[in-house]
Amino acid sequence: ESSDLCLPISSQQFLLTLRAAMGIPIATLFIVVVEFCERLCYYTFSGTQKVWLQDQGWSNSQSSSVNLIFGMLSYVSCFFGGWLASTRMGRFKTIVLLGGFYAAGT
């Protein structure tokens, strides 16, 4: 019946339908969405940081340096997280701790 097509479905039904249609576990879909959002945030911030710093009175070389240091620290910080997880806290505690810092910072 055509009236059934207009009824809203719950988010759980949507996820189960999506999983059945794509054959992908739900956890994988969440990981992909989170990584997409993280990359969107990183590249948006990185792309606008230099111009914003210049608008605040920083010179071209200063704003370029800050932008490059931000990019370097973003990519190098994964080594610290790996070390912390492997030697000190364990994977899950490290994810919760650093994820909390990440969420508080954004």
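Refer to the structure presented above.
Trainee: So, the side chain of N67: which residues are in play, and what are the values?
Mentor: Along the chain, N67 turns up in helix α3 (residues 60-89). The exposure class of N67 is buried, given its relative accessible area of 17%. If near-sequence neighbours (up to four positions away) are discounted, N67 is found in contact with S46, Q49 and K50.

Trainee: Residue-level account of the packing of aromatic side chains, with values.
Mentor: Inspection of the entire model under this criterion finds five aromatic pairs. Relative to Y43, the ring of Y42 lies with its centre 4.9 Å away and its plane at 75°, an arrangement referred to as edge-to-face. Judged by relative accessible area, which is 9%, Y42 ranks as buried. On the basis of relative accessibility, which here comes to 48%, the residue Y43 falls in the partly exposed class. Of the aromatic side chains, those joined through ring pairs into one cluster are Y42, Y43, F45, F70 and Y75.

Trainee: Please give an account of the environment of T48 that cites residues and values.
Mentor: With respect to the helices, strands and loops of the structure, T48 is situated in helix α2 (residues 26-55). Sequence-wise, T48 and N67 are 19 residues apart; in three dimensions their C-alpha atoms are separated by 9.3 Å.

Calculation criteria
Residues numbered from 1 in each chain as written. Predicted model: local features only at pLDDT ≥ 70, side-chain atom pairs only at ≥ 80, totals over all residues. Heavy atoms only, no water. Helix = DSSP H or I, 4+ residues; strand = E, 2+ residues; numbered from the N terminus. Buried < 20%, exposed > 50% of the residue type's maximum accessible area, 1.4 Å probe, protein only. Contact = heavy atoms within 4.5 Å. Phe/Tyr/Trp six-rings, centres within 6.5 Å; stacked < 30°, edge-to-face > 60°.

Geometric descriptors of this kind do not, in isolation, establish any biological role.
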